[in-house]
Amino acid sequence: MAAAAAAAAAGTVLSKEQFLCPICLDLFNQPVSTPCGHNFCRECIQGYWQSAKLSQCPVCKQKFSKRPELKVNTLISEVASLFKESLEKRDTGEEEQHLGQEGNVSCDVCAAERVEAFKSCLDCLASFCETHLEPHHMLATFKKHRLIHPTMNMQDRVCTKGEKLLNLFCETDRTYVCQLCVERDHEAHRAVPVEEESRGKRAQVGKICKEVEKTIHRRWQKICKIAESVKLSRGNSERETEESLQVFTKLLHLIQRGQAEAAELISAKQRQAESRAGGIDELRHTSTELEQLSRTEDDFYLLHRFPAFSTLPAAKDRSYTDVESAVYVGMVRRAVRRVATQLEETVKSEVKRLCVIEFRRAQQCAVDVTLDPDTAHPKLVLSENKKQVFHGDVALGLPDNPERFYPGVSVLGKEGFSSGRFYYEVQVKGKTEWDVGVGLESVSRKGGSMLNPERGYWTLGMRSDKTYWALSNTPVCLPLVEKPQRVGVFVDLEWGQVSFYNADSGSHIYSFTGYSFKERLFPYFNPRRNHGGMNSAPLIILPVKVSA
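Source: prediction; values computed, not measured.

What counts, and at which threshold
Residues numbered from 1 in each chain as written. Predicted model: local features only at pLDDT ≥ 70, side-chain atom pairs only at ≥ 80, totals over all residues. Heavy atoms only, no water. Helix = DSSP H or I, 4+ residues; strand = E, 2+ residues; numbered from the N terminus. Contact = heavy atoms within 4.5 Å. Areas by Shrake-Rupley, 256 points an atom, 1.4 Å probe, with all protein chains shown as cover. Pairing = 2+ DSSP bridges. Axes fitted to C-alpha atoms, helices over the stretch in contact; angles between N-to-C directions. Patch = residues over 30% accessible without salt bridge, like charges linked within 9 Å, V, L, I, M, F, W, Y side chains within 5 Å. Salt bridge = Lys/Arg side-chain N within 4 Å of Asp/Glu carboxyl O. Lys, Arg positive; Asp, Glu negative; His and termini not counted. Charge placed at Lys NZ, Arg CZ, Asp CG, Glu CD. Buried < 20%, exposed > 50% of the residue type's maximum accessible area, 1.4 Å probe, protein only. pLDDT = per-residue confidence, 0-100.

Student: An account of the overall build of the protein is needed here, citing residue identities and associated values.
Tutor: Within the protein, the regular secondary structure consists of nine helices and 21 strands. Nonlocal contacts in the protein, meaning residues at least 24 apart in sequence, comprise 56% of its contacts between residues at least 6 apart. Counting every atom, the protein has about 34500 Å² of accessible surface; 55% of that belongs to carbon and sulfur.

Here it is in structure tokens:
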């Protein structure tokens, strides 16, 4: 009942100014009352006290020894809410009357005709069409007025207290004020013209706009790069599909031809067996005719037919037939073995050919790699061009910076990679031990560290017993027939793959696959200790010569 009565009063007796927060100059939002009796939005007064670092009333300046505990005044809150609803309904009706076309500002003088405004005047606080704007161009008094693009709700630029233009900005209270309010309530505050405050904000807007443009440009470049990568990937997929189809077609042809040869041998054997079975029928027919001939009483007929039966058909020996069957089975098996051998040789040939193609494509991603001296172990000696490294006997006087490896005799490449593909080659000729590969930027540089993917390393290594190892979480021994003198390292960050090649023959050595790289990868080199000169040869980063 109280709220309804208050709402009625709000609609008939009270004015909007009585429900405005003195700080934000807007209708109360969760209004609270201070001990001195003034009302504010809860967030406004709390923000004011926090910025001013002093508990006092912004209106009467009464100081409080202890920051008051504020509670929302429910009656004022309900009345302000109802008052706001009534104002919104009224403003909606007024806006419909002042609008000409949708989204346009109407002239305030000829509002009944709904003529579109040409300019708004900050001094008149009204909008004018071209006809009613003529006095601002002709009369000296109006020529000093400030004209802007047509703007709705010009009355919002008028101070509700001083009823003057809000042409100043109070930096202390972060609010817009008129000259009268400055003299009355903001005398000790710093107030600057709206134009001056706007210049600073306009500069910030310009700066933000440039940053947004840069962000858009970077993202557009990335989108173009992704689109190009998708296009390249589609081309690679089509090429790989065609090549794999050719390989399988070739293998399938070998199998089909071998199957046809074996089937023909089996068919010939079957025909031969059927032919021999037919020989028995012939003997039975001869036996029948001989029996009939022996019973005849015609001597002339007997003498005439006898020569045809004087020689019997030769019957093959059983043991000879068994030997012949064994020979036949051997022929079939040899045919199958011959096809299997051809198939095996073809598979090896195709695998080698595909490896060479894969290696040449990897070489297309060659990058220039140099050694980073800030990461090198104190006993590692780097060449002047940062392309060679070997283990020396004496530690150099180098600063123990966090990036430096110790005690592991390792060094990283200067260049790191976070996307795409890259390839580099290292000469390992003359060495008895070495490790090469890639490592994450975050790998531990201090203390002993195992080289495996769990620790952030993907590497290939050789040991003094002339064995080669893929240093995975469980090291894999690699029985290499060809001992590489140059090792190629290829990384595809998108596919999570690190591959190693014998760069002399183009043959594939080993691949780590199925990894997800969340940070930059750096080339990794470990020449290992020289063991009294036995392993003194350097690791050398070579320029990549792309195979023809």
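Student: A description of the sheet that holds strand E8 (residues 191–193) should follow, citing residues and the corresponding values.
Tutor: Within the open sheet, the three strands sit side by side as E7-E6-E8. Their pairing is antiparallel. Strands with a single pairing partner mark the edges of an open sheet, and in this sheet they are strand E7 (175–177) and E8. Within the sheet, the average angular offset between the axes of one strand and its neighbour, ignoring direction, is 35°. Here three bridges tie strand E6 (residues 168–170) to E7, and the two strands are oriented antiparallel to one another. The partner of Leu168 across the bridge, within E7, is Val177.

Student: Give a description of a positive patch on the surface that names residues and reports values.
Tutor: Positive charge collects at one region of the surface, where Lys210, Lys214, Arg218 and Arg219 lie side by side. Examined against the element boundaries, Arg219 turns out to sit in helix H7 (residues 194–295).

Student: Quick one: what's the story with the sheet that holds strand E19 (residues 507–512), residue by residue and with numbers?
Tutor: With antiparallel pairing, seven strands are arranged side by side in an open sheet as E9-E10-E21-E12-E17-E18-E19. A strand with exactly one partner marks an edge of an open sheet, and here the two such strands are strand E9 (380–382) and E19. Each adjacent strand pair in this sheet contributes to an overall mean axis angle of 25°, direction not counted. Pairing of strand E12 (residues 421–427) with strand E17 (residues 486–492), which is carried by seven bridges, proceeds in the antiparallel orientation. Residue pairing across strands places Tyr423 opposite Phe490, the latter belonging to E17.

Student: Lay out the pattern of salt bridges with the relevant residues and their values.
Tutor: Taken as a whole, this structure holds 11 salt bridges when the rule is applied. Between Asp492 and Arg421 there is a salt bridge, and its shortest N-O distance comes to 3.0 Å. Of the two residues, Asp492 sits in strand E17 while Arg421 sits in strand E12, which places them 71 residues apart along the sequence. For Arg421, a relative accessible area of 34% gives the class partly exposed. The partner of Arg528 in a salt bridge is Asp435, and the shortest N-O contact between them spans 3.1 Å. One end of the pair, Arg528, is in the loop between strand E20 (521–526) and strand E21 (539–542); the other, Asp435, is in strand E13 (residues 434–440), with 93 residues separating them in the sequence.

Student: Please set out the side chain of His189 residue by residue, giving values where relevant.
Tutor: Within the secondary structure layout, His189 lies in the loop between helix H6 (179–185) and E8. For His189, a relative accessible area of 17% gives the class buried. When neighbours within four sequence positions are excluded, His189 is seen to be in contact with Lys61, Cys170, Thr172 and Asp173.

Student: Give a detailed account of the confidence of the model for the protein, specifying residues and quantitative values.
Tutor: A residue-level look at the protein finds 85% of positions with pLDDT of 70 or above and a mean pLDDT of 81. A low-confidence stretch, residues 1–13 (pLDDT under 50), is modelled with eight contacts involving residues beyond four sequence positions or located in other chains. Note that residues 95–103 has pLDDT below 50 and, in this model, 14 contacts with residues that lie over four places away or in other chains.

Student: So, the pairing of strand E10 (residues 388–391): which residues are in play, and what are the values?
Tutor: As a general feature of sheets, a regular strand has side chains that alternate between the two faces. Only one face of E10 is covered, namely the face carrying Val389 and His391; the face carrying Gln388 and Phe390 is uncovered. For E9 and E10, the ladder comprises three bridges, and the chain directions are antiparallel. Bridging across to E10, Leu382 finds its partner in Val389. Connecting E9 to the antiparallel partner E10 that follows it, the hairpin turn spans five residues, and Lys386 within it adopts a positive phi of roughly 60°. Pairing analysis gives two bridges linking E10 to E21, with the strands arranged antiparallel. Bridge pairing in E21 links Gln388 to Ile540.

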